[in-house]
Protein chains: 4
Amino acid sequence: MRIEQYQIDQHNDSLLSRHNNHFIFAKEQLAEQGINADDVVKALADFQVAIPSWALGTGGTRFGRFSGVGEPRSLEEKIEDVGLLHALNRSSGSISLHIPWDIPGQAQSIMDLASSVNLKFDAVNSNTFQDQKDQEQSYKFGSLSHVDPKVRKQAVEHNIEVIKYGKELGSKALSIWLSDGSCFPGQSNFVKSFQNTLESLQEIYAALPEDWKVYVEYKAYEPNFYSTVIQDWGSSLLFCQKLGPKADVLVDLGHHLPNANIEQIVATLMMEGRLAGFHFNDSKYGDDDLTVGSIRPYMLFLIFVELVEGMKRAGRASDTYAWMIDASHNVKDPLEDLLQSVEAILLAYAQSLIVDRKKLEQARNENDVVLAQQILQNAFRTDVRPLVRESMRLAGGALDPIALFRNLSVRTELMNERGGLTVATGL
Amino acid sequence: MRIEQYQIDQHNDSLLSRHNNHFIFAKEQLAEQGINADDVVKALADFQVAIPSWALGTGGTRFGRFSGVGEPRSLEEKIEDVGLLHALNRSSGSISLHIPWDIPGQAQSIMDLASSVNLKFDAVNSNTFQDQKDQEQSYKFGSLSHVDPKVRKQAVEHNIEVIKYGKELGSKALSIWLSDGSCFPGQSNFVKSFQNTLESLQEIYAALPEDWKVYVEYKAYEPNFYSTVIQDWGSSLLFCQKLGPKADVLVDLGHHLPNANIEQIVATLMMEGRLAGFHFNDSKYGDDDLTVGSIRPYMLFLIFVELVEGMKRAGRASDTYAWMIDASHNVKDPLEDLLQSVEAILLAYAQSLIVDRKKLEQARNENDVVLAQQILQNAFRTDVRPLVRESMRLAGGALDPIALFRNLSVRTELMNERGGLTVATGL
Amino acid sequence: MRIEQYQIDQHNDSLLSRHNNHFIFAKEQLAEQGINADDVVKALADFQVAIPSWALGTGGTRFGRFSGVGEPRSLEEKIEDVGLLHALNRSSGSISLHIPWDIPGQAQSIMDLASSVNLKFDAVNSNTFQDQKDQEQSYKFGSLSHVDPKVRKQAVEHNIEVIKYGKELGSKALSIWLSDGSCFPGQSNFVKSFQNTLESLQEIYAALPEDWKVYVEYKAYEPNFYSTVIQDWGSSLLFCQKLGPKADVLVDLGHHLPNANIEQIVATLMMEGRLAGFHFNDSKYGDDDLTVGSIRPYMLFLIFVELVEGMKRAGRASDTYAWMIDASHNVKDPLEDLLQSVEAILLAYAQSLIVDRKKLEQARNENDVVLAQQILQNAFRTDVRPLVRESMRLAGGALDPIALFRNLSVRTELMNERGGLTVATGL
Amino acid sequence: MRIEQYQIDQHNDSLLSRHNNHFIFAKEQLAEQGINADDVVKALADFQVAIPSWALGTGGTRFGRFSGVGEPRSLEEKIEDVGLLHALNRSSGSISLHIPWDIPGQAQSIMDLASSVNLKFDAVNSNTFQDQKDQEQSYKFGSLSHVDPKVRKQAVEHNIEVIKYGKELGSKALSIWLSDGSCFPGQSNFVKSFQNTLESLQEIYAALPEDWKVYVEYKAYEPNFYSTVIQDWGSSLLFCQKLGPKADVLVDLGHHLPNANIEQIVATLMMEGRLAGFHFNDSKYGDDDLTVGSIRPYMLFLIFVELVEGMKRAGRASDTYAWMIDASHNVKDPLEDLLQSVEAILLAYAQSLIVDRKKLEQARNENDVVLAQQILQNAFRTDVRPLVRESMRLAGGALDPIALFRNLSVRTELMNERGGLTVATGL
C-alpha cells in the first residue's frame, strides 16, 4: 500500500484554515521574542529519524506477546511500512536494519524499493544476543566477551558480515549493542570480559570501511541481571578511546540506572566529540521502551537543549548524528506509536530551538537560577505544535498524520494485503 | 512592605495588550474543542495554595546553608512575606504555621495582621523531629513511637499544644509529619513502633476539636536511613483507618521511593475518601524539595488529572483539600521560588481542567491507548499560561508576578527593613 | 529417574566425619550463647519450600531464551523433578501448579505419583496474563480489571476452574498474580480498574471452598510499564480487607520499587494477620528472579528475623504460611538453581532462629543501636551451614545436595530419558 | 585518655581460651580447603584504615542533629580519639584531616602527638562546599567550577593551602570532593562547568609535590539535586586522564545511583590503574553514610573480591591505596560506630582472601555459574571473625574492641575530661 500525495493534500486542505490560524499566532508569539519561526520550521524539516526494522511489529515481554494484525512479513513489507510513515510525516526518511532478521536478498532491488519511497539505509545492527538456528556456537554465556575464543570469533565474523550487508545498501555505520554480562556475582571476571570484548571490537573495527563508524551502545542491565560488560557511558567511552576515532558512543534513553542525569551525559559526550547519536524511547522503571515523550517529556526537552548546543559548538549539522527510535509497541499499533514518537521528538527539538540561549548564558553567568529556569520553561510551555505541523506540511506530509492514518484505514488495508496472523520478526 | 494595587495595575497595563492577544487566542483554541476558557479561569481563581512559614527563608542541606538576605525574623514578617506573594498572585491566600518555630504571642493581633493581607491560617504543623532548648526528653530515638512512654507523652502533649495554637488562629487541621524510624537493622521493633505510634496518635486524635482533621504524612526515608514508621501511603492509610474519620493521608511528592506511580496512589486515596491534600514540590533523586514543576512537570499534570477527577467523583470543591507547597530554597530567592511553584501548580491544574474527559473515557473503553495518550498530551501541550494570567489579573494580581517582584525591588526593600544578616527559622 | 536412599547414604558417609566436626563446633559455639542447636535443626526440618512447576525449565527474557537439556515435558516429569529435589534436600516437599500449563488429566494418578515421591500440592496459580490458543477473549488489555465485562467474566471463570483443579489435588489456596495495568498515562481509569478488579475478585472469593485461602500478590511494574492495578502491599491489603478473612497478601521479593524496606512490610502484614506467604527470589535491578540469596543475603536474613518474630507473636507454625520459590533460571541448571535457593532460605531461617531476641529487645528498649546491630550481625556471621546440613541429613537428605546431583549425573540421566531438545512450559 | 597495654592484655586473657578454640577450628576448616589461616591473619594486620577527623563527632541531617557527649574539641583531641581506636583494633593507624576544620597550629607538636599514639597522616581534604567566616567569595554557586574566575581562584588557593598543611604533616595526597553542580535544569552550562573545573584542577595539580597524588571523588547528587559536575566514575576518570598520572579516582560507596554495580566500577578503575582508594560506608537509599557493612555486607565482600584480585594483578600492596571510613554517626557513639566499621571492612577483606581463586577462574572458564556462585558464597558464609580477632590480638589489640571500650567506660572518661556539651567540628 502507498499513500498518494492527493490523499495527503485533501487531508491538509480540510485542516488548513485552522492550522494557519495557529501557525500565525505561534509565529507572532515567537516574533515578540525575536525568534524567526520559519528558521525553526526549516531546521525541523532537516531532522530525520530512522525507524528500526524491528519496531514495525508488536513487541512483547518475557510474560507474553499479544499480536497485532497486518504486520510486515518481509524486509520488503517493512520498507513499505516505513515508507508509509515517511509519506505521512516526511521525518522518517531512513530505515535501520537488523541482521539476521532482515538479510537483504537482492541488494539492488531492495535499494530500489527503498528509494521509491524516499528512504535511505541508516546504521546496520548486529545481533549476538540470541542464538540463530544452526548456529555453531551459543551466545548463552556471551559473545564478544565470551571466555571461549571460538564463540568470540563467530561473533566477530557475524559483525563483519553485517558490515558487508550494510555496504551493499549504502549504510555508513555499524551499531553494536552487546548484551554480554553476567547474572550472578562470581560468574564473570570483569577485567577479562572487558579485554576479550576490546579485542573482539578491535577486529571488527579493523574491518570497517574507510568512511564508516561503529556505534558502541551501553546498558546498565537486562538481559543480564547482575553485570553488563558495557554498563554505562564511561565504559562505552573507554572502549571508544581504545578503539580509535571511528568509534562513538550511542545513547539509548532507557539504558540507565534510576534517576540518571542523561542530559549531562550527552553534554559530556558531545564535549569529547564522541556522541554517535540516540536511540529514542521513554520509560518509567527500566528499559521500558515506551513511546518517546510519553513519560518524561521535560527530560526529552532538556536532552535536546544539550544536543542543539552541542551541535552548534561542534559546527555539525543534525544529519551528521544517528537519530533512531528504539521502542517496543506492546499495546499500540506500531505505526501509530512511531508517528507519536517522531512527533514527540520534533516537538522537543522545536522547543529547544526557541530557547533564548543568549539570555540563558547571561542568567547563568549571573547565577540567576530563577531566570535560567524560566527561560527553559518558557520554551517548553510554548505550544510548538503548529511549527512541527507546518514543517511536515511544507515537506509534503500530513498536518495530522495519525488522523490520516486512521482515515485511510491503513492498518485494515495492510491486514487485507498481509493477513491477520502475520508476525513481524522483532523483539 | 506592602505592594499597592496601583503598582499592580500599572504593571498589568503595560502587559495587557499582549496578554489579551494571547488570552483571546487561547480562548478560541479551547472553544474549537468545546471548552469554555472562562470556566477554567474561574476554577483557577478558587485554587488557593498555602505557604508554609518555614519556606520563607533560605534552606540548606546537611553540608551547609548559604543564607539569603532580608529574610523574615518573626512570625509577623513571615505573614508580611506571604501577604506579598498573595498580593502578587492572589493564589497564596493562607499560611501554614510550624510550632514551635512560629508560636503566636497575641493570637488576635496575629489574626488581624493576617486578615489585613487577606490571609487565613491553614493546617498547623507539629515538630517532634528536633530537640528544642530546655526540652526534657530528647527525640533522638523517636517521639510518638519512642520506646519510653515519657518521651511519647511529651510528644503527644506537644501535638495537643499545637492544636491549641491552631484553634486560636482559626486553623482546622493538625498536620503530622513523623520522622520516627531507625537508622540500622535491628534498632527498632517494627510492630511495637507501629503500636506505640498508634496509641500516641489516638491520644492526639481524642484531643481534636469537633470540626478538625488530622493529616498523617508518610515518607519513605530521611532523616532515618533504614526504616520510617510511616513509610508509605499504605502505612498512613492503616493508621487513618484505625484512628477514625477525622484522619486523612497527606501526600508529599518527594516522599516516595524511586519511580513510584504517585498519581495512582492519589487516585486510590481519593477513591477511599482519605486524601487530605498535598505537599507540593519536585525532585529528581530523593526528597530534594525543589521548585514545583521544575523537574517532572508531566507527572505533576498527571497527578492533577487524578485530583480533578477525584474531586468531581466525590462532589467536593478544591478548597476542601489542603494544598501546600513544601520546598527548600537553597539557591533561589524564597519568594521568587514560591511564585514559580504556585504558577507551576496552577498551570498543571489548568491543563488538567481542559482534558476532554468524555472522549478520554470513551478511548479507555475502547482500549484506544494511542488516543488516550493523545488526549492527555493535547491538554499538556496547550499553552495555558494566558488562562493562569487572566485568572490572577481578574482577582487583582499581577500578570507577571516575578517581573513585578523584581521591578519593585521587593527583596532589596525587605533587606533594608530587616537587614542582610537575618536568618529565618526553618529547615 | 529416582534417587535411592542408599545413594544418599553413601554420599553422606563420605562426608560425615568432616560434617560431624563442623556440626559439633557449631553446636558448642551456640551452646556458649545459650542456644540449643538441636532445636534449630528441628525447626529447619519443619520448613518446607514449595517448588513452582514453571521453575523446572530454563527461563528467558524478552530478548531470548537459551534452552537447557532434559527439561520436563509433562506434569508427570515436573513432579519427578521436584521429587528429585526433595529426595536430595528433604525441604522441597510440595509443588505449586500453574493452570493452564499443568492441567492434571487424571487427578488420582497425579496425586499417587506425587505421593510416591513424598510431595503435596501447594497453592494453585491462575494465569490471565497470556492468551491461550482458542481463547475467546484476549487479555491484551487486562483480565480481572478489563473494561469489557465479557473479558472479566472469562478471567473469573478461569480462576474458578483453577480452584476446581486444585480441589481435586488437595490444594488449599488459589494464588493470583494479576499483571493487569497500563503502559501509558491515560490508558486506564485507576478507580474503575480497581473496582472492576474488586468485583471480579469477589466472584472468585465466593467460589472458594470453606477451608481455602486466596493469595493476592502485588507488583510494582512489569509487564505493564506505567501502572499496575495491584501495585504495592497497600493495594493488596486494601483488596484483602474488602474481600474478607480468606484473602491474604502474598509477597514476592522482586516486586518492589528500588530500595524498599521489605522486612518492614512483612512485619506490618503479619501484625495485621494478613501475610499469606512468600515468593522467594533475589534481584539487583527489578524483578530479576535470580537465585534466592545470591544478591542480598543480609536482607533475606532480616526478612526472616521478622518472619520468626511474627510467627511467634501469632502463635502460628511455619507450615501455616505459603513459602515458595519463584525464580527464573536463565543461565543455570534449574534443579541446581533450586537447590541453591532452598539452601539459602534455610540458612537465613537458621540465622534468624539463633538471634538472641531477649537481648535484642533489651537493647532496643535502651536505644543501644550498636548492640542491636551487633546481635543481628552475630547471628548472620555465624556459620550455620552445619545446622542446615544436619537437618537435611536427619531427614534422609544429602549433606551436599548439589555435589550428589552432579555425582549422580542427574541431568545427563534426565536428558537421556527425555531428550536434549525438550522445552518445559514456563516463563 | 589512653588505653594501656595491660588493660588490653587483661581483656584478652579473659577471652583467650574461647578465642583459641574458635581460631583453631577456623584454621582447620581453612586447611581442609588448602588455605593457610596465618597468611590471612598476616594480610589483615597490614590493612590499615584511615579515620577522618570529621567522623569523631555526632553527625546530623538537614532536619537536625542530636549531640553526643565527650566529643573532641580540638585537633589534639581528635588525634586522641583515633589513638584510642587504634589502640583497641590496631587497624586504624592513620587520620585524615579536613581543612579548615583541623588546621594544625604547630605541625611538629601535632606530629609528635600523633606519633605517640602510632598514627600517621593520611590524605588531607579540602572544603569548598561551605563558606567559612570572613571568606571573601561565596561557594553558594560552586567553587572550582564557578562562573566567576575570582571564586575559582579562591578555591584553587584553598586547595594549594591544604597541600601546604599536608606537607608539614607528612601526608602524601590531596583528596578533593567537589560538591559543585546545579539544583535546577538550566542553572549550569555543563560543558563550561566541566572546563572551568578542569582548569582549576590543573592549577592544583601543578602545585602537587613530586611524590603526591590527588584523589578525584565523584558523587551522583547531593547537596546539588539536579546535576553534579563530577557525577560518576566516568567523569572522574575523564578528569584524571586529562590531569595526568598523579590523579586517581576515589570511590565512595554511597555516591552512586540506585542499584549501581560498584564492584564492576572498581574492577574497571583498577584495570586502568586509576583507583586511588575508598571511602567506606553503607547505605540503603542515598549517601546515607551508615556504618560499613550494616546494610549490604555481601556487596562489600564482592568489592573486596575485586580489590584483592586487582591488587594482585597490579602487584601492589594494600598500603599503596587509600582506605578510609567516611560515615556519619547520627544515633551511635562515633567511636563505637568506627570500631564496627573497621571490623566489617576486615571481615570482608578476610572473606575475599579465602576465595579459591584458582577454582573460581576454572568455573568461569567453564561457564559453571552455579559453582562460581558457590565458591564466593562459601567464602562469605565462613565465619572469619576468629581470623580478624587473631590478627588484632597479635598486633597488640583487643579481642573484642567494643566490649573493652565499654568496660573501660571510655566515653564517660572522655566526657569527664571534655564535658558533656562539646560539639566536634564536622558534618
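In this text, all values refer to a predicted model and were calculated from it rather than measured experimentally. What you see as residue numbers is a count from 1 along each chain, following the sequence as written. Chain letters and ligand numbers both follow the written order, the letters beginning at A and the numbers at 1. pLDDT decides what is reported in this predicted model: residues at 70 or higher carry local features, side-chain atom pairs at 80 or more are listed and counted, and totals for whole chains, interfaces and linings draw on all residues regardless. The side-chain numbers reported here are obtained from all heavy atoms of the structure, hydrogens and water having been left aside.

Here's the deal with the overall build of chain A
Secondary structure is summarised from DSSP: a helix means a run of H or I of at least four residues, a strand means a run of E of at least two, and numbering begins at the N terminus for each. The secondary structure content of chain A amounts to 15 helices and 13 strands. Relative to the compact-globule value of 22 Å for 427 residues, chain A shows a C-alpha radius of gyration of 22 Å, a close match. Dimensions along the principal axes, computed over C-alpha positions, put chain A at roughly 65 × 60 × 40 Å. By the burial criterion, 70% of the 427 residues in chain A qualify as buried. Whether two residues touch is decided by their heavy atoms; if any such pair falls within 4.5 Å, the residues are in contact. Counted over contacts in chain A with a minimum sequence separation of 6, partners at least 24 positions apart contribute 80%. Working definition of accessibility: Shrake-Rupley area with a 1.4 Å probe, residue cover restricted to the visible protein chains. Counting only carbon and sulfur atoms, one obtains 48% of the accessible surface of chain A, whose full area is about 13800 Å². Residues scored as positive are Lys and Arg, those scored as negative are Asp and Glu, and His as well as the terminal groups of each chain are ignored. Think of each charge as sitting on NZ of Lys, CZ of Arg, CG of Asp or CD of Glu. A gap of 2 Å separates the mean positions of the 41 positive and 56 negative side-chain charges of chain A. The reference for a compact globule is 2.2 Å times residues^0.38; the radius of gyration itself is calculated from the C-alpha atoms. Burial classes: relative accessible area under 20% of the type maximum marks a residue as buried, over 50% as exposed, and values in between as partly exposed (1.4 Å probe, protein chains only).

Some thoughts on the pairing of strand S11 (residues 247–252) of chain C
Residues and elements named next belong to chain C. S11 sits mainly inside the fold: 6 of its 6 residues count as buried. Looking at chain direction, strand S9 (residues 213–217) and S11 are connected through 4 bridges and run parallel. Note that in S11 the partner of Val-216 across the bridge is Val-249. Across 4 bridges, the pairing between S11 and strand S12 (residues 275–280) is parallel. What sits directly across from Asp-252, in S12, is His-279. By definition, the crossover connecting two strands over a helix is right-handed if that path, from the first strand to the second, turns clockwise as seen with the strands pointing away from the viewer. Since S11 and S12 lie parallel, the crossover through helix H8 (residues 262–271) that links them has a hand, and here it is right-handed. What makes two strands pair is DSSP finding at least two bridges between them.

Considerations on the pattern of salt bridges
Side chains that carry opposite charge are capable of pairing whenever their charged atoms lie near each other. By definition here, a salt bridge exists when the distance from a side-chain nitrogen of Lys or Arg to a carboxyl oxygen of Asp or Glu is within 4 Å. Within this structure, the stated rule accounts for 122 salt bridges over all chains. In this structure, Lys-213 of chain A engages Asp-248 of chain A in a salt bridge whose closest nitrogen and oxygen atoms are separated by 3.1 Å. Of this pair, Lys-213 of chain A sits in strand S9 (residues 213–217) while Asp-248 of chain A sits in strand S11 (residues 247–252), and the two are 35 residues apart along the sequence. Looking at Lys-213 of chain A, the relative accessible area reads 29%, which means it is partly exposed. Linking Asp-211 of chain B and Lys-172 of chain B is a salt bridge whose minimum nitrogen-to-oxygen distance equals 2.7 Å. Of this pair, Asp-211 of chain B sits in the loop between helix H6 (190–206) and strand S9 (213–217) while Lys-172 of chain B sits in the loop between helix H5 (149–169) and strand S7 (173–176), placing them 39 residues apart in sequence. One salt-bridge network, held together by shared partners, links Arg-62 of chain A together with Lys-219, Glu-222, Asp-287 and Asp-289 of chain C.

A word on the UniProt feature "domain: Xylose isomerase-like TIM barrel" (unreviewed entry) in chain A
UniProt annotation of "domain: Xylose isomerase-like TIM barrel" (unreviewed entry) refers to residues 142–289 of chain A when read in the numbering used here. End C-alpha to end C-alpha, residues 142–289 of chain A measures 23 Å, and it is 40% helix and 17% strand. UniProt positions are given in the numbering used here, feature names are shortened, and annotations may be inferred rather than shown by experiment.

A few points about helix H13 (residues 385–394) of chain C
Given 3.6 residues per turn, any residue in an α-helix points the same way as the ones three and four places further on. Residue and element names in this part refer to chain C. Here H13 lies mainly inside the structure; 7 of its 10 residues are buried. Within H13, the full set of buried residues consists of Arg-385, Pro-386, Leu-387, Val-388, Glu-390, Ser-391 and Met-392. The first or second residue beyond H13 is Gly-396, which carries a positive phi of 100°.

Details of the relation of the copies chain D and chain A
Rotating chain D by 180° about the axis while translating it 0.0 Å along that axis superimposes it on chain A, leaving an RMSD of 0.0 Å. Interpreted geometrically, this transformation is the action of a two-fold axis. Of the C-alpha atoms belonging to chain D, the one lying closest to the rotation axis is found on Gly-234 of chain D, 2.1 Å away. Mapped onto chain A, 100% of the interface residues of chain D are again interface residues, and the two copies thus contact each other with one and the same surface. In superposing the copies, a least-squares fit is computed on C-alpha atoms, taking residues whose pLDDT is at least 70 in both.

Brief notes about the interface of chain D and chain A
Between chain D and chain A, the contact holds 53 residues from the first and 53 residues from the second. Buried area counts how much accessible surface, traced with a 1.4 Å probe, disappears from two parts once they are put together, with both parts' losses summed. When chain D packs against chain A, close to 4500 Å² is buried across both sides, 59% of that on carbon and sulfur atoms. The interface formed by chain D and chain A holds 4 salt bridges in total. Side-chain atoms alone can form a polar contact between residues adjacent in sequence; in general such a contact is a pair of N or O atoms within 3.5 Å, and within protein one must be able to donate a hydrogen while the other accepts it. On inspection of chain D and its partner chain A, the count reaches 21 residue pairs in polar contact (both at pLDDT 80 or more). For the side of chain D that touches chain A, the secondary-structure elements that each account for two or more residues are helix H6 (190–206), strand S10 (227–228), helix H7 (233–243), helix H8 (262–271), helix H9 (297–314), helix H11 (357–365) and helix H12 (369–381) of chain D. Residue composition of the side of chain D that touches chain A, grouped by class: 24 nonpolar, 19 polar and 10 charged. Here the term charged refers only to Asp, Glu, Lys and Arg, the term nonpolar to Ala, Val, Leu, Ile, Met, Phe, Trp, Tyr, Cys and Pro, and the term polar to all other amino acids, Gly among them.

A few points about the interface of chain B and chain A
It is common to report an interface's size as the accessible area lost on association of the parts. With 40 residues of chain B at the contact, the number on the chain A side is 40 residues. Counting each side, the surface lost to burial between chain B and chain A is near 3700 Å², with a carbon and sulfur contribution of 46%. For the pair chain B and chain A, the number of links is 6 salt bridges. Here Glu-32 of chain B ties to Arg-18 of chain A by a salt bridge, and the two come within 3.4 Å at their closest N and O atoms. Where chain B touches chain A, the interface holds 20 residue pairs in polar contact (both at pLDDT 80 or more).

Details of the packing of aromatic side chains
In this scheme Phe, Tyr and Trp rings, the latter by its six-membered ring, pair at centre separations within 6.5 Å, and the angle between planes marks the pair as stacked below 30 degrees, edge-to-face above 60, and tilted otherwise. Under the criterion given, the structure shown has 80 aromatic pairs over all chains. Chaining the aromatic ring pairs together yields one cluster made of Phe-47, Phe-278, Phe-280, Phe-304, Tyr-321, Trp-323 and Tyr-349 of chain A. Consider the ring centre and the ring normal. A charge sits over the ring if Lys NZ or Arg CZ is within 6 Å of that centre and within 35 degrees of that normal. Taking NZ or CZ as reference, Lys-164 of chain B lies 4.5 Å from the ring centre of Tyr-165 of chain B, over its face.

So, the packing of helix H9 (residues 297–314) of chain C against helix H10 (residues 334–353) of chain C
Residues and elements named next belong to chain C. Angles shown run from 0 to 180 degrees and are taken between the N-to-C directions of axes, each axis being a line fitted to C-alpha atoms and, for helices, limited to the stretch in contact. Across the interface, H9 lies against H10 with an axial gap of 8 Å and an inter-helix angle of 60°. Of the possible angle classes, the one that applies to H9 and H10 is oblique. Where H9 crosses over H10, the two elements pack in a sense that is right-handed. Contacts between H9 and H10 involve Leu-300, Phe-301, Phe-304, Val-305, Val-308 and Met-311 on the former and, on the latter, Ala-344, Ile-345, Ala-348, Tyr-349, Gln-351, Ser-352 and Leu-353. Roughly parallel means an angle under 35 degrees; roughly antiparallel, over 145; roughly perpendicular, 65 to 115; everything else is oblique. Put simply, a crossing is left-handed when the front helix is turned counterclockwise from the back one by less than a right angle, and right-handed when it is turned clockwise.

Considerations on the side chain of Arg-418 of chain A
Residues and elements named next belong to chain A. Along the polypeptide, Arg-418 turns up in helix H15 (residues 410–418). Here Arg-418 falls in the buried class, since its relative accessible area comes to 4%. Within the structure, Arg-418 has its side chain in polar contact with the backbone oxygen of Gly-70 (distance 3.0 Å). Among all residues touching Arg-418, those that are not within four sequence positions of it are Gly-70, Glu-71, Pro-72, Arg-73, Glu-77, Glu-80 and Asp-81.

What about the environment of Lys-172 of chain C?
Residues and elements named next belong to chain C. On the basis of relative accessible area, Lys-172 is assigned to the partly exposed category, the value being 44%. Each residue touching Lys-172, except ones within four places of it in the same chain, is listed here: Asp-211, Trp-212 and Lys-213. Only 2.7 Å separates the side chain of Lys-172 from the side chain of Asp-211, close enough to count as a polar contact.

Some thoughts on the relation of the copies chain B and chain A
In screw terms, the move from chain B to chain A is a rotation of 180° and a rise of 0.0 Å along the axis, fitting with an RMSD of 0.0 Å. A symmetric contact is evident, with 100% of the interface residues of chain B recurring at the interface of chain A.

A short note on the state of the cysteines
When the sulfur atoms of two cysteines share a covalent bond, that bond is a disulfide. A pair of cysteine sulfur atoms is labelled a disulfide when the two atoms are within 2.5 Å. Tallied over the entire structure, the rule returns 0 disulfides over all chains. Counting only cysteine sulfurs, Cys-240 of chain B is the nearest neighbor of Cys-240 of chain C, a cysteine outside any disulfide, at a range of 20 Å.

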